[in-house]
Structures are given as C-alpha cells and as structure tokens.
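Okay, here's what each chain looks like letter by letter:
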Amino acid sequence: MKQFNRRDFLKLFAATGAAVTVSTALQGCASVGKASERSSVKFDHGVASGDPTSNAILLWTRAVPENSAEKQVTLGWELAADENFSSIIRSGTATTSASRDYTVKVDVTQLSPNQRYYYRFLGKNSKSPSGKTQTLPESGLKPLKFAVFSCSNYPAGYFNPYSEAARDDSIDAVIHLGDYIYEYGAGGYATQGSQEIGRGLPENNNTELFTLTDYRRRYALYRTDEGLQALHAHAPFIAVWDDHEISNDTWKNGAENHQEDEGSFIERRAAAVQAYYEWLPIRPPQGEANLTIYRDFKFGDLVDLIMLDTRIIGRDKQLNYDDYRDAESGQFNTQKFQQDMSSDRSIMGKKQLQWLVNKLNNSSARWQVLGQQLLMGKMNFPAAAFAADDRSKVTPLLLQIAELKKRLQNGEELTAQQKAMVTQVTPYNLDAWDGYPIEREMLYRAAQKANKQLVVIAGDTHNAWHSELRSSDGAHIGMEFATSSVSSPGMEAYLSLDTKTAEQLAKALPTLIEDLKYTNLHQRGYMNLFASEDAVEAEWVFVDTIRSKDYRVVNKHRARYTGS
Ligand SMILES: [Fe+2]
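This one's a predicted model, so the numbers in the text were calculated from it and none came from an experiment. (Residues numbered from 1 in each chain as written. Predicted model: local features only at pLDDT ≥ 70, side-chain atom pairs only at ≥ 80, totals over all residues. Heavy atoms only, no water.)

Trainee: So what's going on with the overall build of the chain? Residues and values would help.
Mentor: Helix and strand counts for the chain stand at 13 helices and 27 strands. In terms of overall dimensions, the chain is globule-like: its C-alpha atoms have a radius of gyration of 24 Å, near the 24 Å expected for 564 residues. When each of the 564 residues of the chain is scored for burial, the buried share is 59%. By sequence separation, contacts in the chain at least 24 residues apart represent 73% of the contacts at least 6 residues apart. Surface accessibility of the chain: about 22,500 Å² in total, with carbon and sulfur atoms responsible for 46%. The chain carries 63 positive and 70 negative side-chain charges, and their two centres are separated by 4 Å. (Helix = DSSP H or I, 4+ residues; strand = E, 2+ residues; numbered from the N terminus. Rg over C-alpha atoms; globule rule 2.2 N^0.38 Å. Buried < 20%, exposed > 50% of the residue type's maximum accessible area, 1.4 Å probe, protein only. Contact = heavy atoms within 4.5 Å. Areas by Shrake-Rupley, 256 points an atom, 1.4 Å probe, with all protein chains shown as cover. Lys, Arg positive; Asp, Glu negative; His and termini not counted. Charge placed at Lys NZ, Arg CZ, Asp CG, Glu CD.)

Trainee: Would you mind going over the sheet that holds strand 16 (residues 295–299) in detail, with residue names and values included?
Mentor: In space, the seven strands of this open sheet follow the order 16-17-18-21-23-22-24, with mixed pairing throughout. Of all the strands in the sheet, just strand 16 and strand 24 (516–520) have a single pairing partner and so form its edges. Strand-to-strand twist across the sheet, computed as the mean angle between neighbouring axes with direction ignored, equals 20 degrees. Sheet analysis places strand 16 next to strand 17 (residues 303–307), joined by five bridges and oriented antiparallel. For Asp-296, the partnering residue across the bridge sits in strand 17 and is Ile-306. (Pairing = 2+ DSSP bridges. Axes fitted to C-alpha atoms, helices over the stretch in contact; angles between N-to-C directions.)

Trainee: Just give me the short version of the packing of helix 9 (residues 394–409) against helix 10 (residues 416–423), but keep the residues and values in it.
Mentor: The geometry of helix 9 relative to helix 10 is characterised by a closest axis approach of 9 Å and an angle of 105 degrees between their N-to-C directions. Regarding the angle of helix 9 to helix 10, the classification is roughly perpendicular. Along its contact with helix 9, which presents Leu-397, Gln-400, Ile-401, Leu-404, Lys-405 and Leu-408, the element helix 10 presents Gln-418, Lys-419, Met-421 and Val-422. Tallied by class, the residues present in the contact of helix 9 with helix 10 amount to six nonpolar, two polar and two charged. (Parallel < 35°, antiparallel > 145°, perpendicular 65-115°, else oblique. Nonpolar A, V, L, I, M, F, W, Y, C, P; charged D, E, K, R; others polar.)

Trainee: Just give me the short version of the pattern of salt bridges, but keep the residues and values in it.
Mentor: Working definition: two side chains of opposite charge can pair if their charged atoms are close together. Throughout the structure, instances matching the rule amount to 41 salt bridges. Put simply, Glu-78 and Arg-120 hold a salt bridge, and the shortest N to O gap is 2.7 Å. Taken together, the residues span a long stretch of sequence, with Glu-78 in strand 6 (residues 72–80) and Arg-120 in strand 9 (residues 116–122) at a distance of 42 residues. The exposure classification of Glu-78 matches that of Arg-120, with both residues buried. Note that Glu-539 is salt-bridged to Lys-556, the shortest N-O span being 4.0 Å. Placement of the pair is Glu-539 in strand 26 (residues 536–543) and Lys-556 in strand 27 (residues 553–561), with a sequence separation of 17 residues. By relative accessible area, which is 9% here, Glu-539 ends up buried. Ionic contacts of the salt-bridge type, sharing partners, join the residues Asp-242, Asp-243, Arg-311, Arg-315, Asp-431 and Asp-460 into one network. (Salt bridge = Lys/Arg side-chain N within 4 Å of Asp/Glu carboxyl O.)

Trainee: Provide a residue-level description of the nonpolar core, including the pertinent values.
Mentor: In terms of nonpolar packing, the biggest core is built from 80 residues, with Phe-299, Val-303 and Phe-481 touching the most fellow members. Per element, the largest residue contribution to this core is nine residues, and it comes from helix 5 (residues 265–279). Apart from residues no more than four positions distant in its own chain, Val-303 is found in contact with Leu-144, Phe-146, Phe-297, Lys-298, Ala-365, Trp-367, Val-369 and Ala-531. Counting 30 residues, the second largest nonpolar core, distinct from the first, contains Phe-381, Ile-401, Leu-414 and Ala-458. (Core = buried A, V, L, I, M, F, W, Y, C linked by side-chain atoms within 4.5 Å.)

Trainee: Could you give me a rundown of the sheet that holds strand 6, with the residues and numbers involved?
Mentor: Spatially, the four strands line up as an open sheet ordered 7-6-9-10, and their pairing is antiparallel. Strand pairing shows two members of the sheet lacking a second neighbour, strand 7 (88–97) and strand 10 (131–134), which therefore form its edges. Across the sheet, the mean angle from the axis of one strand to that of its neighbour is 30 degrees, orientation sign disregarded.

Trainee: Explain helix 9 to me, using residue names and the numbers behind them.
Mentor: Look at helix 9: 22 Å from first C-alpha to last across 16 residues, which is about the 22 Å you get at 1.5 Å a residue. Among the structural elements, strand 19 (380–382), helix 8 (383–386), helix 10 and helix 13 (499–512) are those in contact with the buried residues of helix 9. Phi turns positive one or two residues past the end of helix 9, at Gly-411, with a value near 90 degrees. (Expected span 1.5 Å × (residues − 1).)

Trainee: Describe the environment of Arg-283, listing the residues and the values that go with them.
Mentor: Along the chain, the position of Arg-283 falls in the loop between helix 5 and strand 16. When its relative accessible area of 24% is taken as the criterion, Arg-283 is described as partly exposed. Each C-alpha atom, one on Arg-283 and one on Ser-87, is 27 Å from the other, the two residues being 196 residues apart in sequence. Ignoring anything within four residues of it in the chain, the contact list for Arg-283 reads Asp-51, Thr-53, Ala-56, Ile-57, Leu-58, Asp-107 and Arg-295.

Trainee: Quick rundown of helix 13? Include the residues and the values.
Mentor: Along an α-helix, residues three or four positions apart point the same way, because every turn accommodates 3.6 residues. The end-to-end C-alpha distance of helix 13 is 20 Å, a good match for the 20 Å that 14 residues give at a rise of 1.5 Å each. When helix 13 is considered as a whole, its buried residues turn out to be Ala-502, Leu-505, Ala-506, Ala-508, Leu-509, Thr-511 and Leu-512. The inward-facing, buried residues of helix 13 abut strand 19, helix 9, strand 22 (464–470) and strand 24.

Written out as structure tokens, the structure is:
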C-alpha cells in the first residue's frame, strides 16, 4: 500500500477556506459588526466549544446561508460573563464558506483562568443557541469532574448518555475518546432496527463513507441528535478520534474496513480527517493540514491530561489470529505468533512515544491522565473459550472455567486438562494494547521510572472496565477506567446475552482475568471521573434504553484510586 505522502495530503487541503479565526483583540476593540453586514444564516447544528487552556477557548458553530448561492458568509460572535449576555467580555466577526462546510471556529485568547463564559453567534436576523464553557485553572488543586464518552452510533439509538451529562452542571470538561461517528452504510454494523426508532440513515448518506461529502453529511446527521447538541452547548469538549471516524480498525496505512477496490486509503483518510477537524471544536497542535492530534491539557497542579492517537499517526498493522492457523489442519503456530508479538511493533509511533515520555518526565501534576482509545490493561481470556466452534458456547465455557479457577484457588485438585483450561490464556483483542505488548511495556517503564501517578482512560470496547495496570514483572503501574459506549452494541450483542447472563458473566470475568476488577457487559452509558488531591474516582452511569428518547439512569458503579 502507498505510504503517506505529505504533498498528497496538503493538496487535498488546498481547497480549504478560511481556517480558524484567532481573536486576540481585547474588550471593546472589536465588535460583532453591523447586522446589515452579516449574512442571513441558519444555525441548525448548535454550538460547541473545545480545547480549553487557562487563557483560551475554541468556539464552534455551523452557519449555512439562507441563500444557497451565497458562497461566503460573515457572522458576529460574542463571549460574555453571564448567560443573559449583559456583560460582553469579547466579540468579533468571523467568516466561513462552502470550502469548510460552513463550519466556523473562533479561537478566543487572552481570557482569564478558571472562568465560566457564555457564547453565541449572530447572523443578519438570526442568533445561534448560546453555549456555556470554561477555561482551565492555571495552578492549584481545585477538584475536577470530567464526563468521559466513546462510541456514539446514530442508527443504534438515541444518544441518551449525552443528554444525561448535559443536565449535570458540575462537569468541568467532556473527554471524548473517539468513535464520534461510524462510517457504515444502511445494513452495516449496528443499523438493525434503526428505521423503527426513527434513526435510519438518510437517503443522501446511507452508504459507507468514502468522500469528503460523505463524511461531512454524516457529521451533520449526528449533530441533529438533541443530546449531542445539548452536551456540546453545555461544556467544552476535549476530543480525539478512534478508528470509525475513518474506518474500522484503522492503522497507519490502512484499515480492516478498507478494501483495495475502494480507492486510495490515503485520500479517504484525508477526507475523513478534514471533516473531523471541520466539525469538532478542536485545535490540532500543528494546524488542520496535519495529522498530528496528540496534545496535552494542564488542569492547574492537579491533572495533566495527555490525549493520545493510537490509530493514525504511527500504528503498525494489527496481528490476526487467523493468520497463524494452518488452513488445512487448523493447527495454531504458537511459536510464530509469540515471535511476532514480541517484535518491536508500534501502536503510537516512536515520535509520539518519545513525546509522551517527555511529557511524563516533565509533569509535576498530582495525576497524569492518559486519554486514549483502547484498553491498556491485560485482557487475557482462557484460550479454551476461543476454541469454541460457535459463539453460543463461549459464555457457558467461560462460566465453567471461572468455577474451575475458584476451586483451584481454594486449593482443590484439578485434572491436568482442567488446569490447562484455567492457566492457558491469550489476549481477546489484538487491536488493543494487548496486541502491542512491547510498546506498552516501554510506556510502563517510563511512567515507573518517572515515578508518576498514571491513570488511563479508554473507550472502544462498548463496555465498562476497571483494571489495574501492571508491567510484565507484575509491578503496579497505575489504574485504568474504561467507559461503556453511548449507543454502540457491546458484548451482550456479540455473545447474544440476556441481562441475567450478561450480569453473571460480568461477575465471573474478574476471577478469570487477573488484573480486571470490574466490568459491565450490557448497558450503555458514560463515565464521570472525579479528580482531587486524595484520589481519582470513576463513576459509571448507565441508562435503561437508547431505543427511545425517554430514558432513566438505572445503574451506577464507583471505583476509587488513591495512587501508589
Ligand atoms: Fe466503537
């Protein structure tokens, strides 16, 4: 496959119009302009803010001209200290055009730290909804609350977890760990039953996404969800992509869901990244014409939040169990598999790893939080469960092996075959950090050497997990808290589990998986993360349904980590 070529990428960006408007003007120096000079626009996709620092915040909206012949639009914007906009702190004008899908970004700088602000955009005769946001504390140990999300799939259901967080006034920032959209067409993954609940894909966007227009329309669709609009208007987002913003199981030069007859992967990725940057309130550290998205945020002296890209920038291709199985005999080539697993394959790319190690070394915050996509904790499942010839046998097998393990732990004698069932384990997902154990070890060593308090947050799996992070020699490294999905189906769908069996299996898994402390395998939701000087505490919040906008919170679980 063709390697990434910076010139190709820039060429695709050459048509991009006015990028981010940077405001450095102080109060009174700029204004929203005369109404007659502003364009007649509709604000159908709400407002958003993101990538806060102690003195800046990025504001976002989409302003589509009433008159479709108008290619360039001019808007006003206001940032106020109060929700009635009686005390305007800053204001200005911004332009956008069809070349960036009429999305607007204003980077408001020279603000005060740890301050709540309200903002809105103005057209000739229209006003956007107003949004609420806040800057980060510059120093000190002010306790923080983050709401953590991943995996919102429109056809799978209503984004009720977003709605729930949008009602919580105590959130300092939203962290989105990716799969903000899904690339599939009608009939693809998790689209079953979408028509019945009014979440079918529209006719002009019901195929798999390949082009810039395809990706843009998908973002526009997702942003019609009331819960998502409400949450964007409610708190600043700190977001990073996972694979489905491009295509399933993306790695640096391809993806599982990109076939050779589907055109150039590099062009597809450029289209996907362009639409992502247009639609997300994000300030890419090297600008929108660059793939680099990893960046960090300093929340006073309490938390350094380091956001990572484990997908695009440097990931080597995933290993696949099937490649090690002899087609005729079915024999698994363990030696070759172990050899490949212990080779120096990268999930972040060496440059990002070095950047991360430097960040850890230089961090003086109480907590170092890594915001990233994939489970980092070891998820070694009994190999016997993989050998099941159909999926319906997996759960009974796992429950049986958990019982055997308990008996073994209680000192009971087991047969050699039973013992093997308990002790022979293998990672369940080679797309996660488990498939890149050498680089994981390098990261663990760096954190250990720098003597940092590592907390890892993850998404991707569509289920909730809490694991201790331990190096290959068993040393404690940190703690991982992973959020369930907003709406994508999880293990319960994959293994066709009813609620009772899903709960039974969730109870058994921490017995089977050494570093696992908790899991929820069947409920959709999100995760609050509380940070204070004493502890980082996760609170998983689960809703009863995503099949209707009418939902209730039905379950919560908390776990506290006081550091090492
Ligand atoms: Fe996902």
